[in-house]
Amino acid sequence: MANGQWYPAEWPDRIRALAAGTLTPVTPKRAATVMLLKDTGTGPAVHMLRRRASMAFAAGAYAYPGGGVDPRDDEHHVGWAGPTRAWWATRLGVDETAAQAIVCAAVRETYEEAGVLLAGPTPDSVVGDTTGPDWEADRAALVARDLSFAEFLDRRGLVLRSDLLGAWTRWITPEFEARRYDTWFFVAALPEGQRTRNASTEADRTVWIRPAEAAASYDKGELLMMPPTIATLRQLTAYGTAAEALASAPDRDLAPVLAQARLEGDEIVLAWPGHDEFTKHIPTGGAPA
């Protein structure tokens, strides 16, 4: 391939089956992912991880910390700082219960996969270093789902800092994909005193990289990425600091991006509305172009 666009070999057959009415789309699961930024001398860098080759979904692809919503976080009111749940519900296009769970997922996954926690003992503070053995025990319990994030915050006496997050974009996995997610992308800045680490069992490498550098490596075919990842990286190149990116988040359009597939003559055309670079032309009997 000319670039690093992730493209599963089974997609053409599944697209044909969907068009023929023999494939029933899977209901997407709610998910959240976070573009964690830190300032450098040459602009902001973003924290990325490479998914292990053994992963069933997007193996070897570079992505951001993220994962599915824990339904338990719909049910338990958590300590909360920043915009209200009602504000987040309007911003995310969901009800207040779902808004809390989605924001919790963003903060939880950043902690689980990068060791960074956007929470503090008061509404205007964040915790410091989270690398001690007691923190690691709680992080492992979160990963194993032995502990909900709401329970973790209660146990620690912490307040979730929703004001440290900015909702950036929303992508829904195509209807023909076997594993589907309705994913809200957030942006956040690395809190002072905390540091990232590869805490994820799903990643074999983590990097801090400038968005323009990552995008250039994708264009050369050196870094494999899914369409939402490279799309958001290109969007981040416009900002000179992490604060600038965060400040722009409230004005961004959160209308979901969903791939569309249509039959045109002897080929399938696969497209993501608003993102022409990802368009694929798939001959009925061949590989995508």
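Per chain, residues are indexed from 1 in the order of the written sequence. Where totals are concerned, whole chains, interfaces and linings use all residues; where local detail is concerned, this predicted model gives features only for residues with pLDDT of at least 70, and gives and counts side-chain atom pairs only at 80 or more. Only heavy atoms go into the side-chain values, all of them from the structure, while hydrogens and water stay out.

1. Side note on the packing of helix 7 (residues 211-219) against helix 8 (residues 227-236)
Our working definition: Axes here mean lines fitted to C-alpha atoms, for a helix over just the part in contact, with angles spanning 0 to 180 degrees between N-to-C directions. Strands are runs of DSSP state E lasting at least 2 residues, helices are runs of H or I lasting at least 4, and numbering of each runs from the N terminus. When describing relative orientation, an angle under 35 degrees is termed roughly parallel and one over 145 degrees roughly antiparallel, while 65 to 115 degrees is termed roughly perpendicular and anything else oblique. Note: crossing handedness is left-handed where the near helix turns anticlockwise from the far helix by less than a right angle, and right-handed where it turns clockwise. By definition, residues are in contact when any of their heavy atoms lie within 4.5 Å.
Two elements in contact, helix 7 and helix 8, have axes whose closest approach is 8 Å; the angle formed by their N-to-C orientations is 135°. Classed by the angle they form, the pair helix 7 and helix 8 counts as oblique. You can see that helix 7 and helix 8 cross each other, and the crossing is left-handed. Between helix 7, through Pro211, Ala214, Ala215, Tyr218 and Asp219, and helix 8, the contact on the second element is made entirely by Ile230, Leu233, Arg234 and Leu236.

2. Here we look at the pairing of strand 1 (residues 29-40)
We apply this condition: When DSSP finds two or more bridges between a pair of strands, those strands are recorded as paired.
The sheet contact formed by strand 1 and strand 9 (residues 181-189) spans nine bridges and is parallel. For Lys29, the partnering residue across the bridge sits in strand 9 and is Tyr181. Taken together, the three bridges between strand 1 and strand 4 (residues 66-68) define a ladder with antiparallel strand orientation. Following the sheet pairing, Ala31 is matched in strand 4 by Gly68. For strand 1 and strand 2 (residues 43-51), the ladder comprises four bridges, and the chain directions are antiparallel. Looking at strand 2, one finds that Asp39 is bridged to Pro44. Here strand 1 hands over to strand 2 after two residues, the two strands then running antiparallel side by side.

3. Quick notes on the pairing of strand 8 (residues 165-172)
Threshold: Working definition: with a 1.4 Å probe on protein chains only, accessible area under 20% of the residue-type maximum means buried, over 50% means exposed, and in between means partly exposed.
Burial within strand 8 is extensive, with eight of its eight residues counted as buried. Looking at chain direction, strand 8 and strand 9 are connected through seven bridges and run antiparallel. Looking at the pairing, Arg170 lines up with Trp184 of strand 9. Direction of pairing for strand 8 relative to strand 11 (residues 257-258): parallel, over a ladder of two bridges. In the strand pairing of strand 11, Trp171 is matched with Val257.

4. Overview of the nonpolar core
Rules: To define a nonpolar core, start from buried Ala, Val, Leu, Ile, Met, Phe, Trp, Tyr and Cys residues and group those joined through side-chain atoms within 4.5 Å.
Within the largest apolar cluster, 39 residues are counted, with the highest numbers of intra-cluster contacts made by Trp88, Leu92, Leu117, Phe149, Phe152, Leu165 and Phe186. Mapped by element, the contributors of at least two residues to this core are strand 1, helix 3 (85-92), helix 4 (96-114), helix 5 (133-143), helix 6 (149-156), strand 8 and strand 9. Sorting elements by how many residues they give to this core places helix 4 first, with nine residues. Core analysis: the next-biggest nonpolar cluster, separate from the first, contains 36 residues, Ala214, Leu233, Leu270 and Ile282 among them.

5. Observations concerning the environment of Gln100
Its location among the elements puts Gln100 in helix 4. When residues no more than four places from it in sequence are discounted, the contact partners of Gln100 are Asp73, Asp74, His76, His77, Val78, Trp80 and Arg85.

6. Topic: the environment of Ala203
Within the secondary structure, Ala203 is located in strand 10 (residues 203-209). Separated by 141 residues in sequence, Ala203 and Tyr62 place their C-alpha atoms 9.1 Å apart.

7. What to know about helix 5
Note the threshold: Note that the arc is computed from the directions linking the helix axis to the C-beta atoms.
Within helix 5, the full set of buried residues consists of Trp135, Asp138, Arg139, Ala141 and Leu142. The buried residues of helix 5 occupy an angular sector of 160° when the element is viewed end-on, so they sit on one face. Taken together, the buried residues of helix 5 touch helix 4 and helix 6. Arg145 lies just past helix 5 and shows a positive phi near 60°.

8. Focus on the environment of Val257
Mapped onto the elements, Val257 comes out in strand 11. Sequence separation of Val257 and Leu246 is 11 residues, and the distance between their C-alpha atoms is 21 Å. In this structure, Val257 is in contact with Arg170, Trp171, Ile172, Trp272, Pro273 and His275, ignoring residues within four places of it in sequence.

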